[in-house]
Amino acid sequence: AKELGRNHFRYYTQSLSERTDKRLKTDAALREALSLNQFSLHFQPIIDLTSCTVSHAEALIRWHHPEMGMVSPEYFIPLAEENGLIHEIGLWVLREACRCHKEWKSQGLDLQKISINVSSIQFQKANLADAFKTILEEEAMEAHRIDIEITERYLMDQTERNIHYLNTLKKAGHTITVDDFGVGYSSMSYMKRLPLDIIKIDRSFISDIPEDRNDIQISQAIISLSHNLGYKATAEGVEIVEQFNFLRETLCDYAQGYYFSPPVPAHHFITCVEQLNAR
Ligand code: C2E
Ligand code: CA
Ligand code: CA
Ligand code: CA
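For clarity, every value in this text was computed on a predicted model and none was experimentally measured.

This next bit is on the coordination of the calcium ion (ligand 3). Ideal geometry at a metal gives 109.5 degrees between four tetrahedral donors and either 90 or 180 degrees between six octahedral ones. Those donors, Asp-179 (OD), Asp-180 (OD), Glu-236 (OE) and Glu-236 (OE), are the protein atoms that reach the calcium ion (ligand 3), and they lie 2.2 to 2.5 Å from it. If you list the donors of the calcium ion (ligand 3) from N- to C-terminus, the spacing comes out as D-D-x55-E. Judged by its relative accessible area of 12%, Glu-236 falls in the buried class.

As a further point, take the nonpolar core. Ranked by internal contacts, the top residues of the largest apolar core, which has 83 residues, are Phe-39, Phe-43, Trp-104, Ile-116 and Leu-247. Top element by residues in this core is helix H3 (residues 86-106). It accounts for 9 residues. Among all residues touching Phe-43, those that are not within four sequence positions of it are Ala-57, Glu-58, Ala-59, Cys-100, Trp-104, Ile-114, Pro-262, Pro-263, Val-264, Ala-266 and Phe-269.

In the vicinity of ligand 1, 21 residues are found, and the nearest of them are Gln-44, Arg-62, Arg-203, Glu-239 and Tyr-258. At 3.1 Å from a nitrogen atom of ligand 1 is found a main-chain nitrogen or oxygen belonging to Ile-61. One of the side-chain N or O atoms of Arg-62 is found 2.8 Å from an oxygen atom in ligand 1. Computed on the free molecule, ligand 1 has an accessible area of 800 Å², of which 84% lies beneath the protein chains in the complex. At the level of secondary structure, the elements contributing two or more residues to the shell around ligand 1 comprise strand E2 (53-65), helix H2 (73-83) and strand E6 (175-181). It is E2 that contributes the most residues to the shell around ligand 1, 4 residues altogether. The residue inventory of the shell around ligand 1, partitioned by class, reads 8 nonpolar, 5 polar and 8 charged.

A word on unusual backbone geometry. With an omega of 15 degrees, the peptide bond running from Ile-209 to Pro-210 counts as cis. The residue Ala-140 is not glycine, and still its phi comes out positive at about 50 degrees. If you trace the backbone, Ala-140 turns up in the loop between helix H4 (128-138) and strand E5 (146-151).

To continue, consider the coordination of the calcium ion (ligand 4). The coordination sphere of the calcium ion (ligand 4), as far as protein atoms go, consists of Asp-208 (OD), Asp-212 (OD) and Asp-215 (OD), spread over 2.5 to 3.2 Å. In primary sequence terms, the donor set of the calcium ion (ligand 4) follows D-x3-D-x2-D.

Attention now goes to the environment of Glu-139. As for its position among the elements, Glu-139 is in the loop between H4 and E5. Sequence separation between Glu-139 and Ala-129 is 10 residues; the distance between their C-alpha atoms is 15 Å. Beyond its immediate chain neighbours, meaning those up to four positions away, Glu-139 contacts Arg-95, Cys-98, Arg-99 and Lys-102. Only 2.9 Å separates the side chain of Glu-139 from the side chain of Arg-95, close enough to count as a polar contact.

Position of Ser-119 relative to the elements: it lies in the loop between strand E4 (114-117) and H4. Looking at Ser-119, the relative accessible area reads 10%, which means it is buried. Within the local environment of Ser-119, its side chain forms a polar contact with the backbone nitrogen of Ile-121, the two atoms lying 3.0 Å apart. The residues contacting Ser-119, other than those within four sequence positions of it, are Glu-81 and Ile-86.

Analysis parameters
- The written sequence of each chain sets the order in which its residues are numbered from 1.
- As a convention, the first chain written is A and the first ligand written is 1, with the rest following in written order.
- A pLDDT threshold of at least 70 governs which residues receive local features in this predicted model, and a stricter bar of 80 or more applies before side-chain atom pairs are shown or counted, although totals over entire chains, interfaces and linings include all residues.
- Excluding hydrogens and water, the side-chain figures rest on all heavy atoms present in the structure.
- For Na, K and Ca the donor cut-off is 3.2 Å; for every other metal, N, O and S atoms count as donors within 2.8 Å. Water does not enter the count, which can leave sites looking incomplete.
- A simple rule labels every residue: compare its accessible area, found with a 1.4 Å probe on the protein chains alone, to the largest value its type can have, and call it buried under 20%, exposed over 50%, or partly exposed in between.
- For our purposes a nonpolar core is just a set of buried Ala, Val, Leu, Ile, Met, Phe, Trp, Tyr and Cys residues, chained together by side-chain atoms within 4.5 Å.
- For helices the rule is a DSSP run of H or I covering at least 4 residues; for strands it is a run of E covering at least 2, with both sets numbered from the N terminus onward.
- Whether two residues are in contact is decided by their heavy atoms, any of which lying within 4.5 Å being enough.
- Any residue with at least one heavy atom within 4 Å of a molecule or strand is counted as near it.
- Any N or O atom pair separated by 3.5 Å or less is treated as a polar contact, with the protein-specific requirement of one donor-capable and one acceptor-capable atom, and with residues adjacent in sequence counted only for side-chain atom pairs.
- Throughout, the Shrake-Rupley method with a 1.4 Å probe supplies accessible areas, and for residues the shown protein chains are the sole cover considered.
- Under the scheme applied here, ten amino acids are nonpolar (Ala, Val, Leu, Ile, Met, Phe, Trp, Tyr, Cys and Pro), four are charged (Asp, Glu, Lys and Arg), and all others, including Gly, are polar.

Structural data, given as structure tokens:
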């Protein structure tokens, strides 16, 4: 038994140092990504379901690594959250979104706003709202042009503090979207206390429509909950015409997904909007 214990221990320390090694490499690579400009933003149009034209867009980060190629944000955002680089990355995202918005404007597209994803870790720094304000001033961008997406998971803990932070951002002029809604367990009374603008229904409730009766019921319930609380509703992951039609019939406000367009590089966005508005 003792022998086994020792072997176990050796195995454990070895894998731990291996893991540390891997993490240090990833940390360095992520740091390098920032300094060598390996990140970019892609933009996915969000459709206004009343007019069936493009309303705004969600910014989604991309990492082009020289050897690994495209690295998914689902892989590197959690790592950046662990090592703290998410703070710097998050500010880069805001600045880049402002720049793209201005660039499109100079080319004739005055987009209502861009939604950016803000990690709950970014809220742990007390001065997030100040840092955002500084960037907006430097980039001469109005706050209402930037919608802030936070996940429902974030809303469920640290209630009072979160309400305060969200109020600060809201007072500054930002709009707030709750992302991935329905997978957590927000209470109705809590939802009502939050300074929200849009509730984004999680993709998992959309993907099996029209086959899944439960998902139809759940989506309808979330849409009417949003409206009863005075918020708009967005559906994400819309891939087929049946989902699009269902959402229009259910009076959902906005939709995004491959049915309309995948996220596209900034320089393709104007063409993408023109094509969507013409169809
Ligand atoms: P999310 O915020 O829920 O973003 C939606 C994801 O769904 C995106 O994946 C998007 O490309 C994908 N998607 C869009 N339409 C469809 C569709 O019709 N079907 C399917 N199956 N998928 C669709 P992506 O770009 O790989 O991003 C993954 C996640 O990484 C995001 O999930 C978000 O949580 C995180 N992320 C991305 N960019 C940022 C960022 O700038 N900051 C932070 N903190 N997180 C980010
Ligand atoms: Ca999002
Ligand atoms: Ca989402
Ligand atoms: Ca389902």
